[in-house]
Amino acid sequence: MEINKYKEDYPFFKNNPEVIFFDNASTALKPKCVIEAVNHYYNDLCVNAHRGDYYLSYKVDVEIEKVRKDVAKFIDCEENEVAFSSGATESLNLIAEGYCKKILQKGDEILISELEHASNVLPWFKIAKETGAVIKYVPLENKRITVENFANAITPKTKVASFAYISNVLGYKIDAKKMCEIAHKHHIIFVLDGAQSTPHIPVSMKDLDCDFYAFSAHKLGGPTGVGVMYGKAKYLQDCDPLVLGGGMNKVIEKDGTYTVYNSVRKFEAGTPHIEGILGLGAIIKYIQKVGFAYIQKKEKELRDRALTALKKMKHIEVYNEDNEANTIAFNIKDVFAQDAASYFAKYNICLRAGQHCAKLTDGVMNTYASVRCSFYFYNTIEEVDKFIEVASKGSDFLDAYF
Ligand SMILES: Cc1ncc(COP(=O)(O)O)c(C=O)c1O
């Protein structure tokens, strides 16, 4: 039996020994160090940030700012370019609403794709409606966004482009660096939704040169409800906060005037998700210790084994054989995706079925819904083999189910 040395870092497996968790694109499991970081806040600190004139409150501030520094190192940017948010969704809304809306005029174009998650579609729909801008979709090539199609979709009216670095349904990775370079030649703001890339590949803001980047802690194994918005300092200056309140203002006058901090703190109104931020710090350190080289090697091993087996099964249709990531999107032929996922669940295999919050993707895949199997480095070959065994019985679906 394969010993996955990382598995024992995850209390989940001890508490749920029968469960095979292949829904990692939805959220990742939490290692002990994250739980300890959250507990450390509740056990040892417990007090608010940015407020107290006493040692413990100061310590909370120091620990939060340490995480900001660690995040900056992790994604290779400056500390004053990292704002904490509640996750990728809030970050993308903030980027759209707080900055991009201000530079859009009637008739301007926002480029996205049909592969995007709702969080990278709806904020753009909203500001397009409010400004009179138009949403344009990059035509896909074999379900992919290509550099060429992106370049051809640009017009003099294109002002903003926003794409997932890695798609959450099909796992396709875009050539973000090249696309960003092209975007900048046309003075286009280039936004990357990093929800699915940050847990699996090293990212460098300096190298990619994107203008904004968003990700969630929980997809790496950090706490839920916390994430990051990266923005180039020159754009953050002009980016308005979405939420106003304590901890981000400098002066408030009775006549209704107020000023806010000229730093990322202006995006962090109210009491921060302190334990979440400390947990984010812990997962970043943990992921760095595991290393992306190992993460990618392991995910490839698991995915290749599952894919090779699925491809031999006549009753299975795979939609993304050629992807670069950790996901397999498939269906059991003639079986509705949710029914298939329930069938796997009967064997304690957790998969995701449906449209995966990317409702424009069904036209791309020619199916209304699919089943998604997504791996992370703590999964094992034995788990994949069990998945294969269950999938192989799916041809006689109803017999297998009842
Ligand atoms: C590509 C992509 N973007 C954005 C999100 C939204 O992330 P969150 O729900 O953590 O805000 C997800 C979550 O599944 C995602 O996969």
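Cut-offs used in this document
Residues numbered from 1 in each chain as written. Predicted model: local features only at pLDDT ≥ 70, side-chain atom pairs only at ≥ 80, totals over all residues. Near = placed C-beta within 6 Å. Nonpolar A, V, L, I, M, F, W, Y, C, P; charged D, E, K, R; others polar. Helix = DSSP H or I, 4+ residues; strand = E, 2+ residues; numbered from the N terminus. Expected span 1.5 Å × (residues − 1). Buried ≥ 20, exposed ≤ 12 C-beta atoms within 10 Å, placed from the backbone. Arc of directions from axis to C-beta. Contact = placed C-beta atoms within 7 Å. Pairing = 2+ DSSP bridges. Axes fitted to C-alpha atoms, helices over the stretch in contact; angles between N-to-C directions. Domains from an automatic or database assignment. Parallel < 35°, antiparallel > 145°, perpendicular 65-115°, else oblique. Left-handed = near helix turned anticlockwise from the far one by under 90°. Core = buried A, V, L, I, M, F, W, Y, C linked by C-beta atoms within 7 Å.

K.L.:
Quick question: what am I supposed to make of the site of the ligand here?
P.N.:
As a matter of local geometry, the ligand sits amid 14 residues, with Gly87, Thr89, Asn168, Ala195 and Ser216 nearest to it. The residue makeup of the shell around the ligand, split by class, is four nonpolar, nine polar and one charged.

K.L.:
What is the right way to look at helix 14 (residues 381–393) in this model?
P.N.:
Because each turn of an α-helix spans 3.6 residues, side chains separated by three or four positions in sequence point in the same direction. Along its 13 residues, helix 14 runs 19 Å from first to last C-alpha, staying within 8% of the 18 Å computed at 1.5 Å per residue. Taken residue by residue, helix 14 has Glu383, Val384, Phe387 and Ala391 as its buried positions. On an axial view of helix 14, the arc spanned by its buried residues comes to 100°, and they lie on one face. Projecting away from the buried face of helix 14 at angles above 90 degrees are the exposed residues Glu382 and Glu389. Close packing links the buried residues of helix 14 with strand 1 (20–21), helix 11 (292–311), strand 11 (316–318), strand 13 (349–350) and strand 15 (370–374).

K.L.:
I tried to follow the sheet that holds strand 11 on my own but got confused; where do I start?
P.N.:
Hydrogen bonds between backbone groups are what pair the strands of a sheet, and the pairing can be parallel or antiparallel. In spatial order, the strands read 11-12-15-14; together these four strands make up an open sheet with antiparallel pairing. On the outer flanks of this sheet lie strand 11 and strand 14 (352–354), each paired with one strand and no other. Going from strand to strand, the sheet's axes swing by 30° on average, the running direction of each strand aside. As judged from the three bridges shared by strand 11 and strand 12 (residues 327–332), these two strands associate in the antiparallel manner. Within the sheet, the bridge partner assigned to Val318 lies in strand 12 and is Phe330. Across the sheet, helix 12 (residues 337–346) is in contact with strand 12, strand 14 and strand 15; its angle to strand 14 comes to roughly 160°.

K.L.:
What is the right way to read the pairing of strand 7 (residues 212–216) from this model?
P.N.:
The side chains of a regular strand alternate between the sheet's two faces. The element strand 7 is extensively covered by neighbouring structure, given that five of its five residues are classed as buried. What you see with strand 7 is no split at all: Phe212, Ala214 and Ser216 on one side and Tyr213 and Phe215 on the other are buried throughout. Sheet topology places strand 7 next to strand 8 (residues 227–231); five bridges connect them, and they run antiparallel. Note on strand 8: the bridge partner recorded for Ser216 is Gly227.

K.L.:
In this structure, what is going on with the sheet that holds strand 2 (residues 82–85)? I would like to understand it.
P.N.:
Within the open sheet, the seven strands sit side by side as 2-8-7-6-5-3-4. Their pairing is mixed. If you trace the sheet from one side to the other, it starts and ends with strand 2 and strand 4 (134–137), each paired once. Ignoring strand direction, the axes of neighbouring strands in this sheet form an average angle of 20°. Against the sheet, helix 3 (residues 55–75) makes contact with strand 2, strand 7 and strand 8, and its axis sits at roughly 115° relative to strand 2, the strand it touches most. Packing against the sheet, helix 7 (residues 176–185) makes contact with strand 5 (158–164) and strand 6 (189–193), and its axis sits at approximately 155° to strand 6.

K.L.:
I keep staring at the domain arrangement of the protein and nothing clicks. Help me out?
P.N.:
Along its sequence, the protein is organised into domain 1 (7–22 + 291–401) and domain 2 (33–289). On a C-alpha basis, the centroid separation for the pair domain 1 and domain 2 is 29 Å. Of the residues lining the interface, 22 residues belong to domain 1; the matching set on domain 2 comes to 19 residues. Residue assignment for the side of domain 1 that touches domain 2 shows that the elements contributing at least two residues are helix 11, strand 12 and helix 13 (362–365). For the side of domain 1 that touches domain 2, the element with the highest residue contribution is helix 11, accounting for four residues. In terms of residue class, the side of domain 1 that touches domain 2 is made up of ten nonpolar, eight polar and four charged.

K.L.:
Can you help me understand the pairing of strand 2 in this one?
P.N.:
Covered by surrounding structure in strand 2 are Val82 and Phe84 together with Ala83 and Ser85, the residues of both alternating faces. Here strand 2 pairs with strand 8 via four bridges, running antiparallel. The residue bridging Phe84 from the neighbouring strand is Val228, located in strand 8.

K.L.:
Can you help me understand helix 4 (residues 88–103) in this one?
P.N.:
Given a rise of 1.5 Å per residue, 16 residues ought to cover 22 Å, and the 22 Å separating the end C-alpha atoms of helix 4 matches this to within 8%. All of the buried residues along helix 4 are Ala88, Thr89, Glu90, Ser91, Leu92, Asn93, Leu94, Ile95, Ala96, Gly98, Tyr99 and Cys100.

K.L.:
What's the story with the packing of helix 11 against helix 14 in this structure? I'm lost.
P.N.:
Two quantities define a packed helix pair, namely the angle between the axes and the distance from one axis to the other. Following both chains from N to C, one finds helix 11 and helix 14 inclined at 15°, their axes separated by 10 Å at the closest point. Judged by the inter-axis angle, helix 11 sits roughly parallel to helix 14. Crossing hand, helix 11 versus helix 14: right-handed. Here Leu302, Arg305, Ala306, Ala309 and Leu310 of helix 11 lie close against helix 14, whose contacting residues are Ile381, Val384, Phe387, Ile388 and Ala391.

K.L.:
Teacher, can you tell me more about the nonpolar core here?
P.N.:
For soluble globular proteins, the rule of thumb is that nonpolar side chains tend to be buried together. Within the largest apolar cluster, 117 residues are counted, with the highest numbers of intra-cluster contacts made by Ile95 and Cys210. When residues in this core are grouped by element, the largest group, nine residues, is from helix 10 (residues 274–290). Looking at which domains feed residues into this core, each of domain 1 (7–22 + 291–401) and domain 2 (33–289) supplies at least three. Setting aside anything within four residues of it in sequence, one finds Ile95 in contact with Cys100, Val191, Phe212, Ala214, Met229 and Gly231.

K.L.:
How do you make sense of the environment of Lys311 when you look at a structure like this?
P.N.:
Position of Lys311 among the secondary structure elements: in helix 11. Residue class for Lys311 comes out exposed when judged on the 12 C-beta atoms lying within 10 Å of it. C-alpha separation for the pair Lys311 and Phe163, spaced 148 residues apart in sequence, amounts to 29 Å.

K.L.:
What is the right way to read unusual backbone geometry from this model?
P.N.:
Negative phi is the rule for most residues except glycine; trans is the rule for most peptide bonds. The backbone of Cys46 shows a phi angle near 70°, a positive value even though the residue is not glycine. Looking at Cys46, the number of C-beta atoms within 10 Å reads 11, which means it is exposed. One non-glycine residue with positive phi stands out, namely Asp209, at about 65°. In this fold, Asp209 is placed in the loop between helix 8 (205–208) and strand 7. We classify Asp209 as partly exposed; it has 15 C-beta atoms within 10 Å.

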